[in-house]
Amino acid sequence: MKWIYSLSLAVSLAVQPAFADDMFGPHRLTPEARDAFVTDLLAKMTLDEKIGQLRLISVGPDNPKDAIREMIKNGQVGAIFNTVTRPDIRAMQDQVMQLSRLKIPLFFAYDVVHGQRTIFPIPLGLASSWDTEAVARVGRVSAYEAADDGLNMTWAPMVDVTREPRWGRGSEGFGEDTYLTATMGSAMVKAMQGKSPADRYALMTSVKHFALYGAIEGGRDYNTVDMSPQRMFQDYMPPYKASLDAGSGGVMVSLNAINGVPATANSWLLKDLLRDEWKFKGITISDHGAIKELIKHGVASDPQDAVRLALKSGIDMSMGDEYYSKYLPGLVKRGVVSEAEIDDAARHVLNVKYDMGLFNDPYSHLGPKESDPADTNAESRLHREDARDVARKSMVLLKNRLETLPLKKAGTIALIGPLADSQRDIMGSWSAAGVAKQSVTLLQGMKNATEGKATLLYAKGANITDHKGIQAFLNLYEQAVSVDSRTPQQMIDEAVATAQKADVIVAAVGEAQGMAHEASSRTDLTLPESQQKLLAALKATGKPLVLVLMNGRPLALTHEYQQADAMLETWFSGTEGGNAIADVLFGDYNPSGKLPISFPRSVGQIPIYYNHLPTGRPYNSAKPNKYTSHYYDAVNGPLFPFGYGLSYTTFSVSPVKMSSATMPRNGKIEASVTVTNTGKRDGATVVQLYLNDEVASVSRPVKELKGFQRIMLKAGESQTVRFPIDVDALKFWNQKMQQVAEPGKFKVMIGLDSARTQDAEFTYL
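Cut-offs applied
- Residues numbered from 1 in each chain as written.
- Predicted model: local features only at pLDDT ≥ 70, side-chain atom pairs only at ≥ 80, totals over all residues.
- Heavy atoms only, no water.
- UniProt positions renumbered as here; feature names shortened; annotations may be inferred.
- Helix = DSSP H or I, 4+ residues; strand = E, 2+ residues; numbered from the N terminus.
- Rg over C-alpha atoms; globule rule 2.2 N^0.38 Å.
- Buried < 20%, exposed > 50% of the residue type's maximum accessible area, 1.4 Å probe, protein only.
- Contact = heavy atoms within 4.5 Å.
- Areas by Shrake-Rupley, 256 points an atom, 1.4 Å probe, with all protein chains shown as cover.
- Salt bridge = Lys/Arg side-chain N within 4 Å of Asp/Glu carboxyl O.
- Pairing = 2+ DSSP bridges.
- Axes fitted to C-alpha atoms, helices over the stretch in contact; angles between N-to-C directions.

- If you check an unreviewed UniProt entry, the protein appears there as beta-glucosidase from Mixta calida.
- Heading Sequence similarities (unreviewed entry) of the UniProt record for the protein holds this comment: "Belongs to the glycosyl hydrolase 3 family."
- On record in UniProt, under Catalytic activity (unreviewed entry), the comment for the protein is "Hydrolysis of terminal, non-reducing beta-D-glucosyl residues with release of beta-D-glucose."

### Re the overall build of the protein
Alright, step 1. Tallying secondary structure elements over the protein gives 22 helices and 27 strands in all.
Alright, step 2. Against the globule reference of 27 Å for 765 residues, the protein gives a C-alpha radius of gyration of 27 Å, in line with a compact fold.
Alright, step 3. Along the first, second and third principal axes, the C-alpha atoms of the protein reach 75 × 65 × 55 Å.
Alright, step 4. Counting all 765 residues of the protein, 61% fall into the buried class.
Alright, step 5. Here the contacts in the protein between residues at least 6 apart in sequence split such that 78% fall between residues at least 24 apart.
Alright, step 6. Accessible area for the protein stands at about 29,300 Å²; split by element, carbon and sulfur atoms hold 50% of it.

### Remarks on the pattern of salt bridges
Alright, step 1. Per the counting criterion, the structure on display carries 50 salt bridges.
Alright, step 2. The partner of Arg169 in a salt bridge is Glu518, and the shortest N-O contact between them spans 3.5 Å. Placement of Arg169 in the loop between β4 (153–154) and α8 (178–193) and of Glu518 in the loop between β14 (504–510) and α20 (529–539) is noted, with a sequence separation of 349 residues between them.
Alright, step 3. For Glu518, a relative accessible area of 24% translates into the label partly exposed.
Alright, step 4. Via salt bridges that share partners, Asp131, Arg137, Asp386, Arg388, Asp389, Arg392, Lys393, Asp583 and Arg710 belong to a single interconnected network.

### What about the UniProt feature "domain: Fibronectin type III-like" (unreviewed entry) in the protein?
Alright, step 1. Here the UniProt feature "domain: Fibronectin type III-like" (unreviewed entry) sits at residues 685–754.
Alright, step 2. The distance separating the terminal C-alpha atoms of residues 685–754 is 14 Å; by composition the span is 0% helix and 57% strand.

### Some thoughts on the sheet that holds strand β12 (residues 412–416)
Each strand in a sheet pairs with its neighbour through backbone hydrogen bonds, running either in the same direction (parallel) or in the opposite one (antiparallel).
Alright, step 1. An order of β11-β16-β15-β14-β12-β13 is seen for the six strands of this open sheet, with the pairing classed as mixed. With partners counted over all chains shown, the strands left at the sheet margins are β11 (396–400) and β13 (455–459), one partner each. With direction set aside, neighbouring strand axes in the sheet form an average angle of 15°.
Alright, step 2. In terms of strand pairing, β14 meets strand β15 (residues 545–550) through six bridges, oriented parallel. Considered in β15, the bridge of Ala507 is made with Leu547.
Alright, step 3. Most of the contacts of helix α19 (residues 488–500) go to β13, to which it runs at about 165°, and overall it touches β12, β13 and β14.

Here is the structure:
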């Protein structure tokens, strides 16, 4: 990564601001200078030009390039998204600079969620690394590649806490935990934006989806949320706040309603909380088409009413529809909306353009025309080494019976499954400008690892699904899933014949990337029936069975857990996924990932999450009692708990040592354990700190993550891991919506997952 920083520095020193129009010219990037500049600019703008700045449009069938150029010339566009090549971006910026009256630059945005051209693991996989430096590296590389394409903003990171695996967009987030999500989101923002979003290889972030999108009822996308203030501020709001405190210049507003009020029309959310209480100074952007949707939400009577509600509630920029430009002039003329309100929204848009450095140089992320790559998709533009390393860190070993893994690079190995050779699926959803043909499949990765050492056999074995309706759904907008022309039985027969020739079977199963995407909510979290039948046939061969899971959400894998000798969760691991998975399977890398979200045994357990509130009749599996909180028809508790993950070595954790039995008011205390690598391999693990407020004015979760450290230990090595605990770790929102830390006893739990911990106690005075 050092070469990125040196190149960025060289470019910034060599290229001085190129734009010195009479109206603008070089500017100091300070809040005071920005405010004066934007105030002066607003005074020169017509109402139509101000409204034009509030329009964010996408290049596509509804807005062909010729039509967009005309709108740009007339000052009717403030920003563009879904254009990702330098020539296209330069041509649009040229329209502004050459033909528009005030020459206010456009900014260009895109969904750079887990990589731009080099695709990294999906965010749920990144969270599994529990490694903030790995997440920061993804942010830096992503920003570099996106800025190198001419982009200025990304719709990321997504910091929606979710305990709802039925929701397809959980793949874009960091899991079920508030603390982990806030930590990862903050790291991503800082890495992408760097010291300033105006820097050559920096990218302004737009944190999403504000707010509570991960808590939608039934896990059904675009649905509603109804939530108490305590839960809202205790569990769901902190990651947004942390990302904004980290400097995110933008906020994308969510599509859901909150306690009956759509976020797009929620002045409490966007003004009282975001602007007044949190002091956010950046830009708010609606999600795609959200203003139109206020009519179907039942809070706006017609398009004019929807626009009135959105603008007055605090939506600065309208994404993907023409409502602002079409209806705001008339609303102002009738006095329904004031020009001062238009000025306020336009100011926020102009402020972020200033912060991006666009008034100094509208071409700052483009460079000179002659620097454009001859091949936009050139191999030389990728960061494969980074992608491979981060992908390995994201993988979670779920089971390893009798040390089935790591595999030996010898004998005969059968690789079977519908995901074994899919370049598109290994990249996952929202894969930005990534090119599927450049991704490494598991088949190719295992070929690379075993060449000249072992015999590798391959059979597809099954389609992702044989359900015609789901196949059609997945292929609705692109040919995303290929359907084999053979019958399911013919494919299974080939797979069994292949497996019988092998010493061990590796089965690549899970979801197509389109099954864990926006608008891809599921009621059934088991593997598709086609894959279940394949696994049953493979198990019947009696050969050792290793499952490589590719998926974008927790799946219900109770039966597969019984079938498999080993299970490796790889999520959708990105451009270098195949090589990274092979590194782990063959022991060239010792897995160290931990789950950022609980895996249920069945969909009937949902929601199931580790930091739940206690009940007056808690269930005790060691001493079961009928009249306790449990299901009588299944094992209670998750199949795999939050924070869980195995290694090819073993670790022990000593009893917790407290620096003091008491913690003074507003003081600090330290908890420590000694972790020892008790196995024969070097390996990394994640040590996790949880707290429980034993008696409080309101029920508090049975445990909450409050710290973690990733450590690397050689075989036989020990390390003392220390966790400072301060008053902030004890605070919660009480019944009066005051954030307090109450005196009393606190339980300290430290372990390698949320279920198995060493415990101690202290008293907060």
